[in-house]
Structures are given as structure tokens and as C-alpha cells.
Amino acid sequence: DEDNDILASAELYNPTTGTFTSTGNLNTARYQQTATLLNSGMVLIAGGQNSSDILASAELYNPTSGTFTLTGNLNTPRVDQTATLLNSGMVLIAGGVACCYIDLPSAELYDPATGTFTLTGNMNTGRDTHTATLLNNGMVLIAGGIGGGIEVGILASAELYNPRSGTFTPTGSMNTGRQGHTATLLDNGMVLIAGGCSCSIAYCPLLASAELYLPVTFASLIELVKQFDTKPDVAAIMVFTLELAQW
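Residues numbered from 1 in each chain as written. Predicted model: local features only at pLDDT ≥ 70, side-chain atom pairs only at ≥ 80, totals over all residues. Heavy atoms only, no water.

1. Here we look at the overall build of the protein
Counting secondary structure elements, the protein contains two helices and 19 strands. Counting over 247 residues, the protein shows a buried share of 43%. Sequence separation of at least 24 residues holds for 42% of the intrachain contacts in the protein that already meet a minimum separation of 6. When the accessible surface of the protein is split by element, carbon and sulfur atoms take 57% of a total near 12800 Å². (Helix = DSSP H or I, 4+ residues; strand = E, 2+ residues; numbered from the N terminus. Buried < 20%, exposed > 50% of the residue type's maximum accessible area, 1.4 Å probe, protein only. Contact = heavy atoms within 4.5 Å. Areas by Shrake-Rupley, 256 points an atom, 1.4 Å probe, with all protein chains shown as cover.)

Okay, structure coming up:
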């Protein structure tokens with residue numbers, strides 16, 4: 001039975017003892033969902049799929065009771081999306097796949113206070129298996145992934161989500177299109193993009209390459225100016241200034 005291969009069980013890892021112990025079960029068995037630690041200490045489980053459906057349901061794990069309880073549903077069932085805790089305490093759910101391999105440009109916000117999901121602005125490109133990284137300025141970097149369905153291919157494009165305006169705007173593209181990669185915020189505010197896969201089919205080449213994303217800040221703008229011996233490149237300054245103005 002294919003359903004029996006999809007798990008509802010959950011476990012807790014104890015770093016002190018180095019052991020796993022069972023905890024309460026999910027209400028719905030699922031895989032390829034997201035899990036996000038909320039400011040309350042609870043964990044939001046959202047979306048994913050089972051043997052027959054892509055899921056809109058979401059659950060909250062309570063570490064005190066060791067149980068999962070249902071919370072509001074996503075507006076759109078999705079799998080392979082990202083979930084990012086914002087500075088406001090809300091969770092940004094972005095992209096993923098709906099039925100028929102349709103890559104979603106839509107995004108939603110989960111409000112822990114009300115237990116509901118509401119739509120926010122759409123990404124410029126529908127994508128799944130991308131990354132989402134909260135930057136030090138409060139914006140979210142969306143990078144890479146698969147775009148437009150399996151037939152379209154791998155994305156090098158990236159976008160920034162502005163939680164104040166609820167909109168996504170394009171930012172610089174990666175040097176290499178990739179999906180299934182990692183994105184890590186470094187102590188200096190830059191984002192390390194590493195590895196991944198360069199195509200959307202099985203057994204495609206795996207990537208060993210890595211890239212750094214430099215968010216636009218006033219400090220980086222000043223460093224740019226310092227690189228010029230004479231007058232700064234006005235066009236370059238304008239590009240940086242425009243990105244700053246979006247925030």
C-alpha cells in the first residue's frame with residue numbers, strides 16, 4: 001500500500017544524549033512539506049503531498065504537549081515550496097508546485113495570531129525547489145529553482161520579497177542556474193549559494209560550484225564608490241540606489 005510508505009510519525013532529537021525518541025503523530029501523513037519554528041516555540045508544518053494529493057492543510061506542533069493540531073489551510077495546495085519566518089513573526093510561504101507540474105508564482109503569509117493564511121504579492125517567476133533566505137534588512141532572497149514546469153528547466157533568476165510592500169522585485173541573477181541547492185546567511189550579511197543540480201530530470205549533473213549574493217546596503221554602496229579612482233559610475237550608483245528605494 002503506497003499510503004503506508006508516507007509517514008505521519010515524528011521524532012525528537014536530544015543533542016545531549018545523541019538519541020531520537022518518538023513524539024506525537026501528524027494528523028495527515030505527508031512528505032516534501034515545510035517546517036518552520038515560530039516565535040512561540042511551536043512549529044508550523046505546511047503543505048506537502050501524500051500518495052494521491054498535493055496538500056493545503058497545515059498543522060502546529062506543540063513541544064510542551066508533544067502533539068500536532070490542525071491550523072488554517074493554505075489558500076493553494078503546494079509542495080516543494082519555501083517557508084520563511086519574517087521579523088514580524090509571520091511566515092512567508094512562496095512558490096512550489098500545484099497539480100500537473102504547474103510551478104506557482106503565488107505566495108502566502110501565515111499569521112500565528114489568527115492561525116490563517118492570506119495571499120500576498122506574486123513572485124515574478126513561478127518556481128519550486130528554490131531557496132528563501134531572510135536577509136539582515138528584513139527582506140527575503142528567493143533564488144533559483146525549477147520554473148514553469150518540468151519542461152522549462154532550471155532558473156538562475158532571483159527575487160527579493162519586501163514584507164512592508166508585500167511585493168517581489170527582481171534582483172541580480174546567479175551565475176549558474178540551479179535547483180535543490182542551499183542558501184546560507186553569513187555573518188557579514190552575504191548569502192552563500194552552494195551546490196544543487198543543473199537540470200530538472202533524474203540523474204542530471206550535480207554542481208560543486210558556489211556563489212555569494214551581496215545584498216544592497218548603504219555600506220556596500222560606499223564600498224562601490226571607493227573602488228573608483230575618479231568619479232563613480234553614475235549608472236551603477238543609480239542601480240544600487242533604486243534597489244535601496246524599494247525598501
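Let's pick the thread back up.
2. Structural notes on the nonpolar core
Counting eleven residues, the largest nonpolar core consists of L38, L44, A46, A56, A58, L60, L74, V91, I93, Y110 and F117. Counting only elements with at least two residues in this core, the list comes to β4 (43-46), β5 (58-62) and β8 (91-94). Discounting chain neighbours no more than four positions away, the residues touching L38 are L44, L60, L85, V91, Y110 and P112. (Core = buried A, V, L, I, M, F, W, Y, C linked by side-chain atoms within 4.5 Å.)

3. Remarks on the sheet that holds strand β15 (residues 158-162)
Strand order across the open sheet formed by four strands is β12-β13-β15-β16, with antiparallel pairing between neighbours. Either end of the sheet is taken by a strand with one partner, and the two such strands are β12 (131-134) and β16 (167-171). Neighbour-to-neighbour, the strand axes of the sheet open up by a mean angle of 25°, direction not taken into account. (Pairing = 2+ DSSP bridges. Axes fitted to C-alpha atoms, helices over the stretch in contact; angles between N-to-C directions.)

4. What to know about the sheet that holds β8
Read from one edge to the other, the open sheet built from four strands follows the order β7-β8-β9-β10, with strand pairing classed as antiparallel. Each of the sheet's edge strands pairs with one partner strand only, and the pair in question is β7 (82-85) and β10 (116-120). The sheet shows a mean angle of 25° between the axes of neighbouring strands, direction not considered.

5. Notes on the packing of aromatic side chains
Both the distance between ring centres and the angle between the ring planes are used here to describe each pair of aromatic rings. Counting across every chain of the model gives four aromatic pairs. Each ring, one from Y13 and one from F20, has its centre 4.9 Å from the other, and the planes form 50°; the classification is tilted. (Phe/Tyr/Trp six-rings, centres within 6.5 Å; stacked < 30°, edge-to-face > 60°.)

6. A closer look at the pairing of β8
Remark: a regular strand shows side chains that alternate across the two faces of the sheet. What you see with β8 is no split at all: V91 and I93 on one side and L92 and A94 on the other are buried throughout. In the sheet, β7 pairs with β8 via four bridges, with the strands oriented antiparallel. In the strand pairing of β8, A83 is matched with I93. The hairpin turn running from β7 into β8, its antiparallel successor, is five residues long, and G89 in that turn takes a positive phi close to 95°.

7. Digging into the pattern of salt bridges
Summed over all chains, the structure comprises four salt bridges. With its nearest N and O atoms 2.9 Å apart, the salt bridge here joins R78 to E108. On the criterion of sequence distance, the pair formed by R78 in the loop between β6 (67-71) and β7 and E108 in strand β9 (residues 107-111) is long-range, its members being 30 residues apart. (Salt bridge = Lys/Arg side-chain N within 4 Å of Asp/Glu carboxyl O.)

8. Describing the side chain of E211
For E211, the position within the fold is in strand β19 (residues 210-213). A polar side-chain atom of E211 sits 2.7 Å from the main-chain amide nitrogen of N175. Within polar-contact distance, the side chain of E211 engages the backbone nitrogen of T176 at 3.0 Å. In contact with E211, other than residues within four places in its own chain, are M174, N175, T176, R178, V191, L192 and I193. (Polar contact = N/O pair within 3.5 Å; in protein donor to acceptor, adjacent residues only side chain to side chain.)

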